[in-house]
Amino acid sequence: MRQFDVIVLEENSPQFNNWTPPFEDPALGWSHDSDWNRPLQSIDAEWVVIVQPAITIDRDFLNNLAEVIEGFPMADAFAPRVKNNGHFYAGLLLNKSKGFAPISENEKMRFVAAPNPMIAVFSSRIIQRTGLFDLDLPPEFRLIDYTLRMAHAGGKMFSVPYLVVKASQLTDESSLNQVAPLWEIYYKSLPVGMLSAFTLRHPTTLPKFLGFDKGKKRRQFKRDKATSLSKLTADYLKEISV
């Protein structure tokens, strides 16, 4: 079994077929795909790095990641800090009724609710327990949704300040403020009280909250699937909130 699989995900583009792995290593497998779920079904490594193509994956990062994994065995996933133009962008915390908020650039080690949407690291064990990505969500929300579902499966995501990766560009943070996909994530994975507070803060979502739309059954099915055997505790939920 390999140590790492690196899955590079991007939409089809004129440059899509020109992608090549930046380096080769027997302990490393590379996948490049526009289908988020296809690579998850052929994992052959202990740990999986999921990235956008703007992220630079090099030997230094993977060596640091191996040390972090060994040093923090209680974590099933990691949220690397993304460095761009001298600034660092790390994991996200639940911001009660407002959505998600990034942790400080100077934050110490801590558990987080979700990674920066450009990169995340998961153990293959927790991926098997969590399942596949929800492709109904926009791409920038899929890692966020997946990590909350992972928490229901018993997984925890850890942020370590010195686990840093470089990015040539960033996901537009304003795109993470879209109410519709955030509401779907809240509905699927969070307690009713948090969903209610988010709904009241964003009244346009009230018809969906009351079930006045055609997606009610599908949405309930997703929630039941994510939470039916949930291991997410109130204490951990508090720990990953701000």
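(A) Structural detail: the overall build of the chain. Within the chain one finds 8 helices and 13 strands. Relative to the 2.2 N^0.38 estimate, which gives 18 Å for 242 residues, the radius of gyration of the chain is 18 Å and therefore close to what a compact globule would have. Seen along its three principal axes, the alpha-carbon backbone of the chain occupies a region of about 50 × 40 × 35 Å. Expressed as a percentage of the 242 residues in the chain, the buried residues total 51%.

(B) Summary view of the sheet that holds strand β4 (residues 55–56). Judged by pairing direction, the sheet is mixed, and its 4 strands sit side by side in the order β4-β13-β6-β7 without closing on themselves. The strands lining the two open edges of the sheet, one partner per strand, are β4 and β7 (87–89). As paired strands, strand β6 (residues 81–84) and strand β13 (residues 164–167) are joined by 3 bridges and run parallel to one another. By the bridge assignment, Arg81 is partnered in β13 with Val164.

(C) Spatial organisation of the environment of Glu10. Among the secondary structure elements, Glu10 is positioned in the loop between β1 (2–9) and β2 (28–33). Among the residues examined, Glu10 registers a relative accessible area of 18% and is labelled buried. Put simply, Glu10 and Asp35 are 25 residues apart on the chain and 8.2 Å apart in space, counted from C-alpha to C-alpha. Leave out the neighbours within four places in its chain, and Glu10 touches Phe16, His32, Asp33, Ser34 and Pro53. Only 2.6 Å separates the side chain of Glu10 from the side chain of His32, close enough to count as a polar contact.

(D) Fine view of the packing of helix α3 (residues 139–152) against helix α4 (residues 179–189). Their axes nearest at 10 Å, the elements α3 and α4 cross at an angle of 10°. One element, α3, and the other, α4, form an angle in the roughly parallel class. Across from Phe141, Ile144, Asp145, Leu148, Arg149 and His152 in α3, the residues of α4 making contact are Pro181, Leu182, Ile185, Lys188 and Ser189.

(E) Expanded view of the pairing of β2. Of all 6 residues that make up β2, 5 are buried, and the element is covered over most of its length. Strand direction decides the pairing type here: β1 and β2, joined by 6 bridges, are parallel. If you follow Asp5 over to β2, its bridge partner there is Gly29.

(F) Fine view of the nonpolar core. If you look at the biggest cluster of nonpolar residues, it comprises 54 residues, and the most contacted ones within it are Val49, Ile57, Phe78 and Phe100. Those residues in contact with Ile57 that sit more than four places away from it in its chain are Val6, Pro22, Phe23, Trp30, Val49, Val51, Leu62, Ile119 and Val165. Of all hydrophobic cores here, the second largest spans 22 residues; its members include Ala120, Ile127, Phe133 and Ala153.

(G) Examining the pattern of salt bridges more closely. Evaluation of the coordinates by the stated rule reveals 15 salt bridges. Ionic pairing is found between Asp136 and Lys222, a salt bridge with its closest N-O pair at 2.6 Å. One end of the pair, Asp136, is in the loop between α2 (124–130) and α3; the other, Lys222, is in helix α7 (residues 216–227), with 86 residues separating them in the sequence. The shortest N-O distance in the salt bridge between Asp145 and Lys188 comes to 3.0 Å. Here Asp145, found in helix α3, pairs with Lys188, found in helix α4; they are 43 residues apart in sequence, far enough to count as distant.

Reading the values: rules and limits
- Residues numbered from 1 in each chain as written.
- Predicted model: local features only at pLDDT ≥ 70, side-chain atom pairs only at ≥ 80, totals over all residues.
- Heavy atoms only, no water.
- Helix = DSSP H or I, 4+ residues; strand = E, 2+ residues; numbered from the N terminus.
- Rg over C-alpha atoms; globule rule 2.2 N^0.38 Å.
- Buried < 20%, exposed > 50% of the residue type's maximum accessible area, 1.4 Å probe, protein only.
- Pairing = 2+ DSSP bridges.
- Contact = heavy atoms within 4.5 Å.
- Polar contact = N/O pair within 3.5 Å; in protein donor to acceptor, adjacent residues only side chain to side chain.
- Axes fitted to C-alpha atoms, helices over the stretch in contact; angles between N-to-C directions.
- Parallel < 35°, antiparallel > 145°, perpendicular 65-115°, else oblique.
- Core = buried A, V, L, I, M, F, W, Y, C linked by side-chain atoms within 4.5 Å.
- Salt bridge = Lys/Arg side-chain N within 4 Å of Asp/Glu carboxyl O.

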